[in-house]
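# Examining the three-dimensional arrangement
Listed here are the chains, written in short residue letters.
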Amino acid sequence: MSKFIGYYESPIGLIEIITDEHFLRELWFVDKIQETTVQPEILKKTLIQLDEYFKGERVKFELDCVLEGTEFQKSVWNALSEIPYGSLVSYKDVADSINNPKACRAVGNANNKNKIGIVIPCHRVIGANQSLTGYVGGLDRKQWLIDHERKHKKIALRQK
């Protein structure tokens, strides 16, 4: 498998995007550019959709992704993908949605292992007491993403 790397300078930091020829594989916040490669169509498409998202023009990503993890983790990530733009849910809500109501901590752990942040919106999951909890990109970025989506939520309503 060939690996392709590109970068997007978002309002909240540099994002590294890793794809193969056809699928998005990883999307992370990083401190600096390490390496860039040629850009297959999936990488170009990811860059365009990230730009649209950060401009407040896109509420749902339409990217082919590879989810690498356990079946449980994949079920959590699929559930995260169903959280509406601009909405927040608790870890318990996610556990309930995958028919495993006692798995709140495991849901949190799966959230932490999400390699495709923003596209698979783990930032939309908060604590049961409405508090911000862990986010691999940092709580400041999580809050920014939540505020950004709230600000642009009217777009989501128009696109339905």
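Up top is the structure these notes are about.
The notes below deal with the structure included here. If you're wondering where the values come from, they're calculated on a predicted model, not measured in any experiment. (Residues numbered from 1 in each chain as written. Predicted model: local features only at pLDDT ≥ 70, side-chain atom pairs only at ≥ 80, totals over all residues. Heavy atoms only, no water.)

### Thoughts on the overall build of the protein
Basically, it comes down to this: Under the scheme used here, helices are H or I runs from DSSP no shorter than 4 residues and strands are E runs no shorter than 2 residues, and both carry numbers assigned from the N terminus. We take the radius of gyration over the C-alpha atoms and set the globule estimate at 2.2 Å times the residue count to the 0.38 power. In this analysis, two residues are considered to be in contact whenever any of their non-hydrogen atoms come within 4.5 Å of each other. Neither His nor the chain termini are counted; the positive set is Lys and Arg, and the negative set is Asp and Glu. Think of each charge as sitting on NZ of Lys, CZ of Arg, CG of Asp or CD of Glu.
The helix and strand inventory of the protein stands at 6 helices and 5 strands. The order of α-helices and β-strands along the protein, N terminus first, is β-β-β-α-α-β-α-α-β-α-α. Relative to the compact-globule value of 15 Å for 160 residues, the protein shows a C-alpha radius of gyration of 15 Å, a close match. Summarising the internal contacts of the protein: among those between residues at least 6 apart in sequence, 55% fall at separations of at least 24. Once the 23 positive and 21 negative side-chain charges of the protein are each reduced to a mean point, those two points are 6 Å apart.

### With respect to the sheet that holds strand E2 (residues 13-19)
Formally: Two strands qualify as a pair provided DSSP detects at least 2 bridges between them. The convention used is that axes are lines fitted to C-alpha atoms, helices contributing only their stretch in contact, and that angles between N-to-C directions extend from 0 to 180 degrees.
Strand order across the open sheet formed by 3 strands is E1-E2-E3, with antiparallel pairing between neighbours. Two strands lie at the open edges of the sheet, namely strand E1 (4-10) and strand E3 (24-30), each paired on one side alone. Along the sheet, successive strands turn relative to each other by an average axial angle of 20°, direction set aside. In the sheet, E2 pairs with E3 via 6 bridges, with the strands oriented antiparallel. Paired with isoleucine 18 across the two strands is glutamate 26, which belongs to E3. Helix H1 (residues 41-54) contacts E1, E2 and E3 of the sheet and is inclined by roughly 15° relative to E1.

### Considerations on the environment of isoleucine 98
Locating isoleucine 98 in the fold gives a position in the loop between helix H3 (91-97) and helix H4 (104-112). Along the backbone, isoleucine 98 and cysteine 122 are 24 residues apart, and their C-alpha atoms lie at a distance of 15 Å. Excluding its chain neighbours within four sequence positions, the residues that come into contact with isoleucine 98 are Phe72, Ser75, Val76, Ala79 and Val107.

### Describing the packing of helix H2 (residues 71-81) against H4
In plain terms, the rule: Orientation is classified from the angle alone, with under 35 degrees giving roughly parallel, over 145 giving roughly antiparallel, 65 to 115 giving roughly perpendicular, and any other angle giving oblique. Throughout, the ten residues Ala, Val, Leu, Ile, Met, Phe, Trp, Tyr, Cys and Pro are labelled nonpolar, Asp, Glu, Lys and Arg are labelled charged, and all others, Gly among them, are labelled polar.
Their axes nearest at 9 Å, the elements H2 and H4 cross at an angle of 80°. Overall, the two elements H2 and H4 adopt an arrangement that is roughly perpendicular. Contact residues: Phe72, Gln73, Val76, Trp77 and Leu80 in H2; Ala106, Val107, Ala110 and Asn111 in H4. Of the residues assigned to the contact of H2 with H4, the class counts are 7 nonpolar, 2 polar and no charged.

### Some points on the nonpolar core
Note that soluble globular proteins tend to have their nonpolar side chains buried in a common cluster. Spelled out, the test is: Buried Ala, Val, Leu, Ile, Met, Phe, Trp, Tyr and Cys residues that are joined via side-chain atoms within 4.5 Å together make up what is termed a nonpolar core. Buried residues are those whose accessible area, probed at 1.4 Å on protein chains only, stays under 20% of the maximum for their type, while exposed residues exceed 50% and partly exposed ones sit between those limits.
With 38 residues, the main nonpolar core has Ile15, Ile17, Leu50, Phe54, Leu80 and Ile118 as its most contacted residues. Elements that contribute at least two residues to this core include exactly E1, E2, E3, H1, H2, H3 and H4. The dominant element in this core, judged by the number of residues it contributes, is H1, at 6 residues. Among all residues touching isoleucine 15, those that are not within four sequence positions of it are Gly6, Tyr7, Tyr8, Ser10, Leu27, Trp28, Phe29, Leu50, Phe54 and Ile118.

### What about unusual backbone geometry?
One non-glycine residue, isoleucine 118, lies in the positive phi region at around 70°. The class of isoleucine 118 is buried, set by a relative accessible area of 1%.

### A look at the pattern of salt bridges
Going by this rule: Definition used for salt bridges: Asp or Glu carboxyl oxygen within 4 Å of a side-chain nitrogen of Lys or Arg.
All told, the structure shown has 9 salt bridges when counted by the stated rule. Between lysine 55 and aspartate 51 there is a salt bridge, and its shortest N-O distance comes to 3.0 Å. A relative accessible area of 27% places aspartate 51 in the partly exposed class. We note a salt bridge from lysine 92 to aspartate 96, for which the minimum N-O separation is 2.9 Å. Here aspartate 96 and lysine 92 lie together in helix H3, a separation of 4 residues that amounts to about one turn.

Any functional reading would require information beyond the geometric quantities listed.
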